[in-house]
Amino acid sequence: KLFKDATWNINNGASISYLTTIEIEQNAKFECGYFSTNVGCVIVVSRDIVINDDVMMGRNVYIYDSDFHQMLDCNNKLIILKMLQLKIMYGLQII
């Protein structure tokens with residue numbers, strides 16, 4: 001699922017199994033080389049995720065770059081955290 005102004009740059013293709021969910025939130029960027037997922041994987045990009053070539057994901061792997069919870073200071077003001085890019089390197093097996 002791609003939200004408004006989201007981008008998915010895919011190089012070298014992917015092997016995505018059934019029951020895999022990929023969501024790229026508004027203004028987020030997902031960049032990947034060749035990767036494969038097994039049954040039930042979930043990738044949710046809120047800001048920026050990079051997956052390099054030859055990454056294999058086992059069953060029910062969840063990858064998020066946010067926990068999607070707001071944090072408030074003691075005066076109930078929203079704390080804005082800057083999330084850096086999440087990078088998953090070459091040849092990694094996630095099980």
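Just so it is clear, the model here is predicted, and its values are computed rather than measured.

Observations concerning the environment of Ile-79
Right, so step 1: Structurally, the position occupied by Ile-79 is in strand β11 (residues 78-79).
Right, so step 2: On the accessibility criterion, Ile-79 (33% relative accessible area) is partly exposed.
Right, so step 3: In this structure, Ile-79 is in contact with Met-71, Leu-72 and Asp-73, ignoring residues within four places of it in sequence.

Quick look at the pairing of strand β7 (residues 48-51)
Right, so step 1: The alternating pattern of β7 places Asp-48 and Val-50 on one face and Ile-49 and Ile-51 on the opposite face, and all of these are buried.
Right, so step 2: Bridge analysis of strand β4 (residues 29-32) against β7 gives four bridges, and the strand direction is parallel. Bridging from a neighbouring strand, Phe-30 pairs with Ile-49 of β7.

Some words on the packing of aromatic side chains
Any pair of aromatic rings gets described here by the distance separating the centres and the angle formed by the planes.
Right, so step 1: Counting across every chain of the model gives three aromatic pairs.
Right, so step 2: Both rings, one in Trp-8 and one in Phe-30, keep their centres 5.4 Å apart while their planes meet at 35°; by these two values the pair is tilted. One end of the pair, Trp-8, is in strand β1 (residues 7-10); the other, Phe-30, is in strand β4, with 22 residues separating them in the sequence.
Right, so step 3: Trp-8 sits in the partly exposed class, given a relative accessible area of 31%.
Right, so step 4: What makes Phe-30 buried here is its relative accessible area of 0%.
Right, so step 5: Relative to Tyr-64, the ring of Tyr-62 lies with its centre 6.2 Å away and its plane at 10°, an arrangement referred to as stacked.

Cut-offs and rules
Residues numbered from 1 in each chain as written. Predicted model: local features only at pLDDT ≥ 70, side-chain atom pairs only at ≥ 80, totals over all residues. Heavy atoms only, no water. Helix = DSSP H or I, 4+ residues; strand = E, 2+ residues; numbered from the N terminus. Buried < 20%, exposed > 50% of the residue type's maximum accessible area, 1.4 Å probe, protein only. Contact = heavy atoms within 4.5 Å. Pairing = 2+ DSSP bridges. Phe/Tyr/Trp six-rings, centres within 6.5 Å; stacked < 30°, edge-to-face > 60°.

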